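Here is how the chains run, residue by residue.
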Amino acid sequence: MCGIIGYIGQRKASIVLKKGLESLEYRGYDSAGIATIDKTISVSKDVGKIANIKWDMDKLKGNIGIAHTRWATHGGVTKNNAHPHLSCDGNIAVVHNGIIENFSEVKRELEKKGHKFRSETDTEVIPHLIEENMKKMGFEDAAFESIKKLKGAFAFVAVSSREQKIMAFRKESPLVVGLGQGENFVASDAYPFLEYTKRAVFLDDNEAAVLTKDRADFYSFDRARLKKEPKILDWDPKNVGKNGFEHYLIKEIYEQPLVLKQTLAQDEKKLKEVASLIQRAPRVCIVAAGTARHASIVGRYIISELAGKYCEVYMASEFQYFVDKIEKGSVVIGVSQSGETADVLFPIKKAKKNGCKIVSIVNVVGSSLDRESDVSLYLNCGPEISVASTKAFTAQVLMFYLIAYTMAYKLDEGKRQLGQLTTKIEETIKSTEPEVKKLAEYMKDKNDAYFIARGENFAIAIEGSLKLKEISYIHAEGMPAGELKHGTLSLVTEGVPVIIIAPKDYTYDETLANAHEVKSRGGYIIGISDENNPIFDVWLKIPKVEPLFYPILTNIPCQLLAYYTAKAKGNDVDKPRNLAKSVTVR
Ligand code: F6R
């Protein structure tokens with residue numbers, strides 16, 4: 001959570017930083033700020049989204065600066081708590097992502113020494129600590145000295161008005177350095193500097209970078225010099241725009257046919273390596289959060305069906321309580337779009353220490369999860385900007401098909417069949433979107449909705465409900481269709497929307513029987529199926545495909561339903577309240 005960026009070069013820093021913040025806003029958007037240096041440090045910051053803040057761009061002079069977009073952890077959403085934070089004398093500015101666990105202790109010590117704090121944040125201890133250390137040493141030494149005092153998971157970037165350099169430190173929160181010509185960048189991810197350079201150095205935990213406009217030097221926290229090779233990113237900066245769509249979310253839903261092609265283009269050697277690791281492992285644990293976990297549940301059904309191997313799927317935040325009991329040699333698969341989800345990373349690191357093999361299914365190349373893994377499979381679905389995950393889900397599910405087909409020695413056949421889904425996804429969008437737009441008008445006034453399905457589509461029921469509540473703020477629950485009568489049915493009354501995901505497969509008859517239970521309580525039935533049924537009040541028609549592939553299609557009307565309902569309610573679709581895209585706190 002929180003996006004940070006630093007720039008040093010010849011351009012007007014405030015312009016680069018403000019633009020950079022826009023591409024980082026998915027990480028947090030309750031307040032934002034910029035500090036630039038032109039002999040002294042000037043700051044402009046406020047509460048609100050980047051586009052709504054009245055930036056004092058005239059004040060922000062100079063070619064060096066740092067900026068931040070916030071997702072509040074310590075301290076409320078106020079202008080004072082917005083970053084950057086300054087030292088007492090205003091000569092040091094810091095932006096920070098993560099949590100300083102011992103901040104109260106450090107703050108007390110600094111207050112005793114006369115430091116005056118202006119915010120309630122944990123971050124503010126950092127500029128004061130550097131300022132205190134600068135009584136005895138230069139900026140660079142003082143910054144390194146300061147991290148010895150800090151406990152927690154953090155990434156921060158600091159500047160001093162006395163030196164033409166940027167200091168950046170990473171401990172369990174992401175930071176990437178962008179190497180330009182006569183200019184350098186550092187940010188929470190590479191998007192802010194993609195249009196200037198594609199040469200990136202990903203910092204590892206306990207590593208620091210010292211940037212001037214012509215140099216980038218890398219160190220461990222104990223100041224050993226590091227040689228770090230830049231990666232050349234093949235990301236297209238055009239992908240970061242909305243390309244004519246009203247929101248990123250709908251653009252990303254529409255990108256799914258293309259995503260399918262990109263995800264299928266996998267390195268077969270790596271797929272075989274993963275397949276063989278899974279086949280041989282005494283235990284396979286798939287660890288993921290939110291939408292990625294729902295994709296993993298589909299994955300468990302697919303691997304079981306196609307390759308006959310049973311895998312467990314853990315909610316990442318709960319896996320930490322079991323990880324020490326997992327046998328050495330087990331395979332732990334981390335599934336994550338961002339590769340930075342702290343709930344996933346924490347147990348994965350433990351599993352690795354305990355002798356498990358780590359496989360990742362990840363979108364962001366060079367992310368923390370990627371670097372923790374023995375083998376990484378990349379989703380190749382391009383940047384996903386909207387906070388609600390859509391195309392990454394589809395890519396994650398596709399990856400599980402590829403793994404399962406490889407395990408079953410049928411990869412070529414599998415790829416051929418999966419390739420045919422491109423047109424099926426397009427057909428699904430086309431056939432369901434007009435109906436969903438009308439349905440959104442009904443949904444927007446509802447307080448509750450339920451999603452039910454059986455078999456692998458049960459994962460779509462819970463994914464559909466997550467998407468709807470996340471962006472439309474309608475309370476929604478998803479569950480196996482057979483489970484509804486065990487309690488939740490008592491909540492189904494006249495007009496309550498129940499989305500029945502009922503493809504014409506081995507689950508159809510039983511799911512329809514559950515639909516009748518709903519209907520007789522007055523529920524309003526929205527059927528997602530390739531076959532119409534008189535019980536449906538609304539039919540969202542999907543094309544017929546092989547039963548195993550239905551989850552790829554049944555999910556699409558659910559994504560559209562969440563989007564159009566949120567839009568009908570006038571919500572900020574791409575940046576739902578209280579959420580952030582990359583959840584780097586536990
Ligand atoms: C929901 C959503 C979240 C993420 C979850 C994990 O739309 O986006 O539930 O799926 O926070 O994120 P990653 O995949 O980055 O680990």
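To be clear, the structure that these remarks concern was listed above.
Just so you know, these numbers come straight off a predicted model, no measurement behind them.

Draft legend 1. How the structure looks around helix 8 (residues 290–307). Taking 1.5 Å per residue as the helical rise, helix 8 with its 18 residues ought to reach 26 Å, and the 25 Å between its terminal C-alpha atoms agrees with that figure. Listing the buried residues of helix 8 in full gives T291, A292, R293, H294, A295, S296, I297, V298, G299, I302, I303 and A307. The secondary structure elements touched by the buried residues of helix 8 are strand 16 (284–288), strand 17 (312–315), strand 18 (331–336), helix 12 (391–407), helix 15 (458–472) and helix 17 (550–568). Trailing helix 8 by a residue or two, G308 shows a phi angle of about 70°, which is positive.

Draft legend 2. Expanded view of the sheet that holds strand 2 (residues 31–38). The eight strands are arranged 3-2-4-1-10-9-11-15 in an open sheet whose pairing can be described as antiparallel. For this open sheet the edge positions go to strand 3 (40–47) and strand 15 (231–232), each flanked by a neighbour on one side alone. Together, strand 1 (3–8), strand 2, strand 4 (64–70) and strand 10 (184–187) form the strand contacts of helix 1 (residues 13–24), whose direction differs from that of strand 1 by roughly 155°.

Draft legend 3. Expanded view of the pattern of salt bridges. If you walk through the whole model with that rule in mind, you get 38 salt bridges. Between K213 and D214 there is a salt bridge, and its shortest N-O distance comes to 3.3 Å. By relative accessible area, D214 is classed as exposed at 58%. D324 is the partner of K350 in a salt bridge, and the nearest nitrogen-oxygen pair spans 3.8 Å. With K350 in helix 10 (residues 342–353) and D324 in the loop between helix 9 (316–319) and strand 18, this pair connects stretches of sequence that are 26 residues apart. Overall, K350 belongs to the partly exposed group, its relative accessible area being 29%. We classify D324 as partly exposed; its relative accessible area is 46%. Taken together, the shared-partner salt bridges in this structure form one network comprising E140, D141, E163, K165 and R223.

Draft legend 4. View of the pairing of strand 21 (residues 448–453). Across the six residues that make up strand 21, a large majority, five, are buried. In terms of strand pairing, strand 21 meets strand 22 (residues 475–480) through six bridges, oriented parallel. Paired with I452 across the two strands is M479, which belongs to strand 22. For the handedness criterion, the β-α-β arrangement of strand 21, helix 15 and strand 22 is classed as right-handed. Judged from the three bridges that link them, strand 21 and strand 23 (residues 497–501) form a sheet pairing that is parallel. Residue pairing across strands places I452 opposite I500, the latter belonging to strand 23.

Draft legend 5. Local environment of the environment of F139. If you trace the backbone, F139 turns up in helix 4 (residues 139–147). The buried category is assigned to F139, whose relative accessible area is 0%. As for F139 and M167, which are separated by 28 residues in sequence, their C-alpha atoms are 9.0 Å apart. Setting aside residues up to four positions removed in sequence, F139 forms contacts with I130, M134, A158, V159, S160, E163, K165 and M167.

What counts and what doesn't
- Residues numbered from 1 in each chain as written.
- Predicted model: local features only at pLDDT ≥ 70, side-chain atom pairs only at ≥ 80, totals over all residues.
- Heavy atoms only, no water.
- Helix = DSSP H or I, 4+ residues; strand = E, 2+ residues; numbered from the N terminus.
- Expected span 1.5 Å × (residues − 1).
- Buried < 20%, exposed > 50% of the residue type's maximum accessible area, 1.4 Å probe, protein only.
- Contact = heavy atoms within 4.5 Å.
- Pairing = 2+ DSSP bridges.
- Axes fitted to C-alpha atoms, helices over the stretch in contact; angles between N-to-C directions.
- Salt bridge = Lys/Arg side-chain N within 4 Å of Asp/Glu carboxyl O.
- Right-handed = clockwise from strand over helix to strand, strands pointing away.

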